[in-house]
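A closer look at the structure
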There are 2 protein chains.
Amino acid sequence: MAHPSLPKEEVVTRLLQVFRREGYDGASLARLSAATGLGRSSLYHHFPRGKEDMAEAVLTLSRSRVVSLVLEPLAAPGPARDRLVAMAEGFGEFYESGEAACLIELFGVGTTGTQFIPYLTNSIASFVGAISAVLIEAGQPEALARRRAEDAIIAIQGSLVLARASGSTAVFHRILAELPDRLLG
Amino acid sequence: MAHPSLPKEEVVTRLLQVFRREGYDGASLARLSAATGLGRSSLYHHFPRGKEDMAEAVLTLSRSRVVSLVLEPLAAPGPARDRLVAMAEGFGEFYESGEAACLIELFGVGTTGTQFIPYLTNSIASFVGAISAVLIEAGQPEALARRRAEDAIIAIQGSLVLARASGSTAVFHRILAELPDRLLG
DNA sequence: GTCTATAAGCAGATAGAC
DNA sequence: GTCTATCTGCTTATAGAC
């Protein structure tokens, strides 16, 4: 295999899988290399600053998936409830039905990975903003809408933690299913 | 310094601080040595299997703190609300007012740390069991009590994640303050 | 129970051939 | 755009003196 190999998005997808499984510290170049089928040096060709660049690419890809799976459904036309249901489905897909760790857990711990936190802060704020916009549109006062939106994100992240701790994704699915009703009150 | 040095509990407390700051993978022997003031070899004297034994000691210490800060207040005599308020305070102290990461985040990611998950599964189950016992005692049907107890743990863990992502512990404190009312309905 | 010294391996990263 | 070879530093872990 001495040429183009995989399309870049597929490469980044595989990097994402490794980061999700191993965390930032645990994602060694050896593993990243094995997962992509690219030698160490090839990885450096595509990502000159090494792991740091790979993490950035992974976060950029995640961001675009979040936009299409969660934010766009929330901004789409239609009844509030339908949009919230679509959002819940989008979260389910993004987190691979609860099997995948949230990115904050992966990058928020340790020394090196911490530099990416601002990136994630931004995503959280987007979620809260987009959800509360739907609730305000549905007639809720702004303060209540924002609090409920924040509670929804808390419940999603918390249930992901419990899912990993318990070895079962049931709790994650329960939270997703309840989301629309909880948000609409 | 060529003798007893620190009491063992103090050593383990410092190890806990490092694990919490760096995660399992990021907690190198160099850092663990610096934090405790013990040389690498002294650490191996106290913890023959190295990091693995240190992590186990850290989890055991955490477990005993959780018992005295959270589980005992829940099991104490007195009105349900008072016990739930005491529990919320205990969680606040255990998680250092939201500054500290939850242990599942630290040990649940990566390859090596994962072996400790059963330990944490157990703690989660204890929380849910102890909280729902209080709620049942207060007259709630068992299924509702268990669901609310689980929701409470989810909210705590989720708010810790958001606290780290946002750089502010405000959300963690809000959740703790609301806990008793939410649980009692 | 502490220390110094050292081993063996893997981490991230680079140079240069093809 | 891929590869092989190599480098430096840090990782865990051990041996043995005091």
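Here is a short report on the structure shown in this document. (Residues numbered from 1 in each chain as written. Chains lettered and ligands numbered in written order. Predicted model: local features only at pLDDT ≥ 70, side-chain atom pairs only at ≥ 80, totals over all residues. Heavy atoms only, no water.)

Let us now look at the overall build of chain A. The helix and strand inventory of chain A stands at nine helices and zero strands. Taking the principal axes of the C-alpha coordinates as reference, chain A spans close to 60 × 35 × 25 Å. For chain A, with 185 residues in total, the buried portion stands at 52%. Of the contacts formed within chain A by residues at least 6 apart in sequence, a portion of 61% connects residues at least 24 apart. Just so you have it, chain A exposes about 8100 Å², and 55% of that area is on carbon and sulfur atoms. (Helix = DSSP H or I, 4+ residues; strand = E, 2+ residues; numbered from the N terminus. Buried < 20%, exposed > 50% of the residue type's maximum accessible area, 1.4 Å probe, protein only. Contact = heavy atoms within 4.5 Å. Areas by Shrake-Rupley, 256 points an atom, 1.4 Å probe, with all protein chains shown as cover.)

Taken together, the contact between chain A and chain B spans 36 residues of the former and 36 residues of the latter. Between chain A and chain B, roughly 2800 Å² of surface is buried when both sides are summed, and carbon and sulfur atoms account for 63% of that area. The interface formed by chain A and chain B contains six salt bridges. Across the salt bridge formed by B:Arg174 and A:Asp151, the nearest N and O atoms sit 2.7 Å from each other. (Buried area = accessible area lost by both parts, 1.4 Å probe. Salt bridge = Lys/Arg side-chain N within 4 Å of Asp/Glu carboxyl O.)

Here the focus is unusual backbone geometry. Residues and elements named next belong to chain A. With phi around 60°, Ser-97 is a residue other than glycine that occupies positive phi space. As for its placement among the helices and strands, Ser-97 is situated in the loop between α5 (80-94) and α6 (103-107). Given the relative accessible area of 37%, Ser-97 is considered partly exposed.

Moving on, we come to the protein's contact with DNA strand D. Taken together, 20 residues sit near DNA strand D, with A:Ser5, A:Ser41, A:His46, B:Leu29 and B:Tyr44 positioned nearest. Within the backbone of A:Gly39, an N or O atom sits 2.9 Å from a phosphate oxygen of DNA strand D. The side chain of A:Ser42 places a nitrogen or oxygen atom 3.2 Å from a phosphate oxygen of DNA strand D. Elements supplying a minimum of two residues to the surface near DNA strand D: α3 (40-46) of chain A together with α2 (29-36) and α3 (40-46) of chain B. (Near = heavy atom within 4 Å. Polar contact = N/O pair within 3.5 Å; in protein donor to acceptor, adjacent residues only side chain to side chain.)

All told, the structure shown has 30 salt bridges over all chains when counted by the stated rule. Put simply, A:Arg49 and A:Glu56 hold a salt bridge, and the shortest N to O gap is 3.4 Å. A salt bridge links B:Glu10 to B:Arg14; the nearest nitrogen and oxygen atoms lie 2.9 Å apart. Here B:Arg14 and B:Glu10 lie together in helix α1 (residues 8-26), a separation of four residues that amounts to about one turn. Looking at B:Arg14, the relative accessible area reads 28%, which means it is partly exposed. Overlapping salt bridges bring together A:Glu150, A:Asp151, B:Arg174, B:Glu178 and B:Arg182 as one network.

This next bit is on the relation of the copies chain A and chain B. The two copies are related by a screw operation: chain A maps onto chain B through 180° of rotation and 0.0 Å of translation along the axis, at an RMSD of 0.1 Å. As the rotation angle and translation indicate, the two copies are arranged about a two-fold axis. Considering only C-alpha atoms, the part of chain A nearest the rotation axis is A:Gly158, at 1.8 Å. In this assembly, 100% of the residues forming the interface of chain A have copies in chain B that are likewise at the interface, indicating an isologous arrangement. (Least-squares fit on C-alpha atoms with pLDDT ≥ 70 in both.)

The next subject is helix α8 (residues 142-166) of chain A. Taking 1.5 Å per residue, 25 residues should reach 36 Å; α8(A) reaches 36 Å between its end C-alpha atoms and fits that length. Looking one or two residues beyond α8(A), the residue adopting positive phi is A:Gly167, at roughly 75°. (Expected span 1.5 Å × (residues − 1).)

Under the counting rule described, the total for this entry stands at 18 aromatic pairs over all chains. Between B:Tyr24 and B:Phe116, the ring centres sit 5.9 Å apart and the planes meet at 50°, which makes this aromatic pair tilted. With a gap of 92 residues between them, B:Tyr24 in helix α1 and B:Phe116 in the loop between α6 (103-107) and α7 (117-137) connect regions that are remote in the sequence. Note that A:Lys8 overlies the ring of A:Phe47, its terminal NZ or CZ placed 4.8 Å from the centroid. Just above the ring of A:Tyr24 sits the side chain of A:Lys51; from NZ or CZ to the centre is 4.8 Å. (Phe/Tyr/Trp six-rings, centres within 6.5 Å; stacked < 30°, edge-to-face > 60°. Lys NZ or Arg CZ within 6 Å of the ring centre and 35° of its normal.)

Here the focus is the environment of A:Ser41. Note that A:Ser41 resides in helix α3. Along the backbone, A:Ser41 and A:Leu29 are 12 residues apart, and their C-alpha atoms lie at a distance of 10.0 Å.

Okay, the nonpolar core next. Grouped together as the largest cluster of nonpolar side chains are 130 residues, with contacts concentrated most on A:Phe107 and B:Phe107. Excluding anything up to four places from it in sequence, B:Phe107 contacts B:Phe19, B:Tyr24, B:Ala55, B:Leu59, B:Gly113, B:Thr114, B:Phe116 and B:Leu120. (Core = buried A, V, L, I, M, F, W, Y, C linked by side-chain atoms within 4.5 Å.)

A word on the protein's contact with DNA strand C. The full set close to DNA strand C counts 19 residues, and A:Leu29, A:Tyr44, B:Ser5, B:Ser41 and B:His46 are the nearest of them. Within 4 Å of the protein, the atoms of DNA strand C are drawn from sugar and phosphate moieties in a proportion of 62%. One of the side-chain N or O atoms of A:Tyr44 is found 2.8 Å from a phosphate oxygen in DNA strand C. Where the surface near DNA strand C is concerned, the elements lending two or more residues are α2 (29-36) and α3 of chain A together with α3 of chain B. Here the surface near DNA strand C takes four residues from α3(B), the largest share from any one element.

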